[in-house]
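# Report on the structure
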Amino acid sequence: MKFSFQLYSARNFQPWADVLAMLADAGYKNVEGFGGVYEDPEGFRALMDRNGLSMPSGHFSIDALEGDFDMAVKTATTLGVERIFCPHLAADKRPADKAGWQGFARRLGTVGEKIRAAGFGFGWHNHDFEFVPAVDGSLPMQVLLDTAPDLDWEADIAWIIRGGGDPFDWIDRHGDRITAVHVKDIAPAGECADEDGWADVGHGTVDWTRLFRDIAAATPAKLLVMEHDNPSDVGRFASRSLDWARGAAEQRA
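Here the structure is a predicted model, which is why all the values come from computation and not from measurement.

## A word on the nonpolar core
Within the largest apolar cluster, 78 residues are counted, with the highest numbers of intra-cluster contacts made by F5, L7, F44, W124 and W208. Ranked by the residues each element gives to this core, the list is headed by helix 10 (residues 234–252), at 7 residues.

This is the structure in structure tokens:
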């Protein structure tokens, strides 16, 4: 498996040149892109090359993919992205019922056909809202997977938990759809309030030891992406998380 780092975690610790140098020093070889690093793809690619970093996956919004597909593909190609994940849907644009989520899934299916034809993998990246029942009782994540059968899934485990879902159940039932995983941790209740209740990987309440084992056994995912939505010290998060995850991976072997 390849460990990566979602650059959104470092958005508040600029400049990017310093961030990439820190990640390389911490031992990362891969990063995952998001909209905040796409303004100058050639320049960012040069920064990555300078630090021995690759970007096998990237987040691109549904607006970018539907509104300027050619630019999205050009950006992904320049940065060396192999898998494109659609990462979010704003609250005011989220459907209220199953029919609405089916319609959104069909939009993802249409975009996915174009992306795969251009030579990339394509999937959805979840947050917590996909695991909260809609007004008719349907679960948006289930509707997306059922309605768009070719859609891959980048499973954000901690968001599944915060949404009320059981990640082990979802991996058991839909592991074949999971082609990448977001690896982040949840602090014990009342701790890390200044970091929105998130924790460094392996230092919270999520059972990552078991999860790594289940992910390896039940999914084709080879890309494990470290993420923290609001770290107070991104260098601490990056190094502690990677060190712990590497140790857990060695125990699995």
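## Some thoughts on the packing of helix 6 (residues 140–147) against helix 8 (residues 167–174)
Where helix 6 meets helix 8, the closest approach of the two axes is 13 Å, and the angle between their N-to-C directions is 10 degrees. Considered as vectors, helix 6 and helix 8 are oriented roughly parallel to each other. Contacts from M141, Q142 and L145 of helix 6 reach helix 8 at W170, R173 and H174. Its residues assigned to classes, the contact of helix 6 with helix 8 shows 3 nonpolar, 2 polar and 1 charged.

## What about the pattern of salt bridges?
Evaluation of the coordinates by the stated rule reveals 12 salt bridges. Note that D152 is salt-bridged to R83, the shortest N-O span being 3.1 Å. Taken together, the residues span a long stretch of sequence, with D152 in strand 6 (residues 152–156) and R83 in strand 4 (residues 83–86) at a distance of 69 residues. For R83, a relative accessible area of 30% corresponds to the partly exposed category. The partner of D169 in a salt bridge is R173, and the shortest N-O contact between them spans 3.0 Å. A residue pair is termed a helical-turn pair when its members lie 3 or 4 positions apart in one helix, as D169 and R173 do in helix 8 at 4 residues. Classification of R173 by relative accessible area gives partly exposed; the value is 40%. Through salt bridges with shared partners, a single network forms among D156, K184, E227 and D229.

## Considerations on the packing of aromatic side chains
One pass over the full model with this rule turns up 16 aromatic pairs. Between F3 and F212, the ring centres sit 6.5 Å apart and the planes meet at 65 degrees, which makes this aromatic pair edge-to-face. Here the residue F3 occupies a position in strand 1 (residues 2–5), and F212 occupies one in helix 9 (residues 208–218), the gap between them amounting to 209 residues. Like F3, the residue F212 is buried in the burial classification. Within the aromatic cluster, the residues linked to one another by ring pairs are F3, W208, F212 and W244. Directly above the ring of W198 sits K184, whose terminal nitrogen or CZ lies 4.7 Å from the centroid.

## Some details on helix 2 (residues 41–50)
Because the α-helix completes a turn every 3.6 residues, residues three or four places apart line up on one side. Every buried residue of helix 2 is accounted for by P41, F44, L47 and M48. Seen from one end, helix 2 has its buried residues packed into an arc of 120 degrees, which puts them on one side. Next to the buried residues of helix 2 lie helix 1 (16–26), strand 2 (30–33), strand 3 (54–59) and helix 4 (69–79). Trailing helix 2 by a residue or two, G52 shows a phi angle of about 65 degrees, which is positive.

## Here's the deal with unusual backbone geometry
A cis amide bond links Q14 with the next residue in sequence, P15, at an omega value of 5 degrees. Positive phi, normally seen in glycine, also occurs at C192, with a value near 55 degrees. Turning to its location among the elements, C192 is positioned in the loop between strand 8 (185–186) and strand 9 (198–199). Notably, D196 is not glycine yet its phi reads approximately 60 degrees, a positive angle. Tracing the sequence through the fold places D196 in the loop between strand 8 and strand 9. Under the relative-accessibility criterion, D196 is labelled partly exposed at 45%.

Parameters at a glance
Starting from 1, residues in each chain are numbered consecutively following that chain's sequence as written. Local features in this predicted model are restricted to residues of pLDDT 70 or higher, and side-chain atom pairs are both shown and tallied only at a pLDDT of 80 or more, whereas totals for entire chains, interfaces and linings draw on every residue. To obtain the side-chain values, all non-hydrogen atoms of the structure were used and water was disregarded. We call a set of buried Ala, Val, Leu, Ile, Met, Phe, Trp, Tyr and Cys residues a nonpolar core when their side-chain atoms join them within 4.5 Å. Burial status follows relative accessibility: with a 1.4 Å probe on protein chains alone, a residue under 20% of its type maximum counts as buried, one over 50% as exposed, and anything between as partly exposed. Each helix is a run of DSSP H or I of at least 4 residues and each strand a run of E of at least 2, with the numbering of both proceeding from the N terminus. For helices, the fitted axis covers only the stretch in contact; all axes are lines through C-alpha atoms, and the angles between them, taken along N-to-C directions, range from 0 to 180 degrees. Each angle receives one of four descriptions, namely roughly parallel if under 35 degrees, roughly antiparallel if over 145, roughly perpendicular if within 65 to 115, and oblique otherwise. We call two residues in contact whenever any of their non-hydrogen atoms come within 4.5 Å of each other. Residues are sorted three ways: Asp, Glu, Lys and Arg are charged, Ala, Val, Leu, Ile, Met, Phe, Trp, Tyr, Cys and Pro are nonpolar, and all the rest, Gly among them, are polar. Any Lys or Arg side-chain nitrogen found within 4 Å of a carboxyl oxygen on Asp or Glu counts as a salt bridge. Between rings of Phe, Tyr and Trp, where Trp is taken as its six-membered ring, a pair exists when centres lie within 6.5 Å; planes separated by under 30 degrees are stacked, by over 60 edge-to-face, and by other angles tilted. Charge over a ring is defined by NZ of Lys or CZ of Arg lying within 6 Å of the ring centre and within 35 degrees of the ring normal. What the arc describes is the spread of directions from the helix axis to the C-beta atoms.

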